[in-house]
Amino acid sequence: MLHRSLAAALAAALAGCLASPEPALQMGPGAKVSPDGLHLVDHVPFGTLYMRPDYTFGSYRFFTMGKTHVSFAPGSRVLSDAEVAEMARRFDAVARQVIRASGRIEVARPGPCVARVNLGLVDVDMLEPKELTAHGTSTVMDSYGSLTLVLEIRDGYTAEPLLRYGRRRRLDGGPATGVDPAELMALTTTLEEFARGIENDFQRALPRIASAAPRSCEERAGLAPAVSAK
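Worth saying up front: this structure is predicted, and the values here are computed from it rather than measured.

Cut-off values and rules
Residues numbered from 1 in each chain as written. Predicted model: local features only at pLDDT ≥ 70, side-chain atom pairs only at ≥ 80, totals over all residues. Heavy atoms only, no water. Helix = DSSP H or I, 4+ residues; strand = E, 2+ residues; numbered from the N terminus. Buried < 20%, exposed > 50% of the residue type's maximum accessible area, 1.4 Å probe, protein only. Contact = heavy atoms within 4.5 Å. Areas by Shrake-Rupley, 256 points an atom, 1.4 Å probe, with all protein chains shown as cover. Phe/Tyr/Trp six-rings, centres within 6.5 Å; stacked < 30°, edge-to-face > 60°. Salt bridge = Lys/Arg side-chain N within 4 Å of Asp/Glu carboxyl O. Disulfide = S-S within 2.5 Å. Expected span 1.5 Å × (residues − 1).

*Asks:* Can you walk me through the overall build of the chain in this structure?
*Replies:* Looking only at helices and strands, the chain features 4 helices and 9 strands. Beginning at the N terminus, the succession of helices and strands in the chain can be written as α-β-β-β-β-β-α-β-β-β-β-α-α. Across the 230 residues of the chain, 41% fall into the buried class. Look at the contacts in the chain between residues 6 or more apart in sequence, and 71% of them connect residues 24 or more apart. Accessible area of the chain: about 13100 Å², with a carbon and sulfur share of 57%.

Written as structure tokens, this is what we have:
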């Protein structure tokens, strides 16, 4: 029994040592800061996150959506303008649902205390249908390619950048699914799954403790903070 208890204690201690550090905002003279004033967050489990130190994610109750940007990597198979528009529309629609489900209210245009959310599907690298090998199997079986998902939040009044997050993702699918890789539905279904997973993935990337006193959206807009009625 003693040996088992000791082994359990050692296992717990080892697990604690191997646990991943929590995301933490870089601060101080050595901090990596983007040209527009966003600080790098260390220990992000996946992707890259930059934030303004005095911004707290979720502190804006209202939001508006910018146009989803799509760009292709050099050498990628490029979709038609109509296919790109449909791909962006599907992704944008699911992203809106995710944000609304978090309790935020969408408004028609930017303004004071409105977060402007911009999404990008960039460096999209879509594979061409591969030549069959001598063995009669495709060289790519489970992926249509890859893309980088970018989420940016700006203050809707000042246009000040508050947060920027990027993550490279595979486009799951491919010949193994039996679906023609040129079929837009297969691609957009994968993108919709990405959009639904944004909030869960992103929440895991946020630093848990603010590194500077947060500023209210009213302060950023130069307005007097709202006073709740008693």
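After that view of the structure, there is still more to cover.
*Asks:* Sorry, what's going on with the environment of Arg-167 here?
*Replies:* Relative to the assigned elements, Arg-167 resides in strand 9 (residues 161-172). Along the sequence, Arg-167 and Phe-202 sit 35 residues apart, while their C-alpha atoms lie 9.7 Å from each other.

*Asks:* Honestly, the packing of aromatic side chains in this entry has me stumped. Any pointers?
*Replies:* Two measures describe an aromatic ring pair: the distance that separates the ring centres and the angle between the ring planes. A full pass over the atoms with the stated rule returns 1 aromatic pair. Seen from their ring centres, Tyr-55 and Tyr-60 are 6.1 Å apart, and the 55° between their planes marks the pair as tilted. By relative accessible area, Tyr-55 is classed as buried at 5%. We classify Tyr-60 as buried; its relative accessible area is 3%.

*Asks:* What's the story with the pattern of salt bridges in this structure? I'm lost.
*Replies:* Opposite charge on two side chains permits pairing when their charged atoms draw close. Throughout the structure, instances matching the rule amount to 12 salt bridges. With a shortest N-O distance of 2.9 Å, Asp-54 and Arg-220 are connected by a salt bridge. Here the residue Asp-54 occupies a position in the loop between strand 3 (48-51) and strand 4 (62-65), and Arg-220 occupies one in helix 4 (residues 217-220), the gap between them amounting to 166 residues. The same class applies to Asp-54 and to Arg-220, which are both buried.

*Asks:* I keep staring at the state of the cysteines and nothing clicks. Help me out?
*Replies:* Disulfides are covalent bonds that connect the sulfur atoms of two cysteines. Across all of its chains, the model carries 1 disulfide by this definition. With its sulfur 2.1 Å from that of its partner, Cys-113 forms a disulfide with Cys-217. Of note, the bridge from Cys-113 to Cys-217 carries an S-S torsion of about 85° and is right-handed in sense. Taken together, the residues span a long stretch of sequence, with Cys-113 in the loop between strand 6 (105-106) and strand 7 (114-126) and Cys-217 in helix 4 at a distance of 104 residues. Comparing Cys-113 with Cys-217 shows no difference in burial state: the two are buried.

*Asks:* What's the story with helix 2 (residues 81-101) in this structure? I'm lost.
*Replies:* Two residues of an α-helix separated by three or four positions point the same way, owing to the 3.6 residues in each turn. A rise of 1.5 Å per residue sets the reference length of helix 2, with its 21 residues, at 30 Å; its end C-alpha atoms lie 30 Å apart and thus fit the reference within 8%. Every buried residue belonging to helix 2 is among Val-84, Met-87, Ala-88, Arg-90, Phe-91, Asp-92, Val-94, Ala-95, Val-98 and Ile-99, and all of these are buried.

Take it as geometry only, folks, not as evidence of what the structure does.
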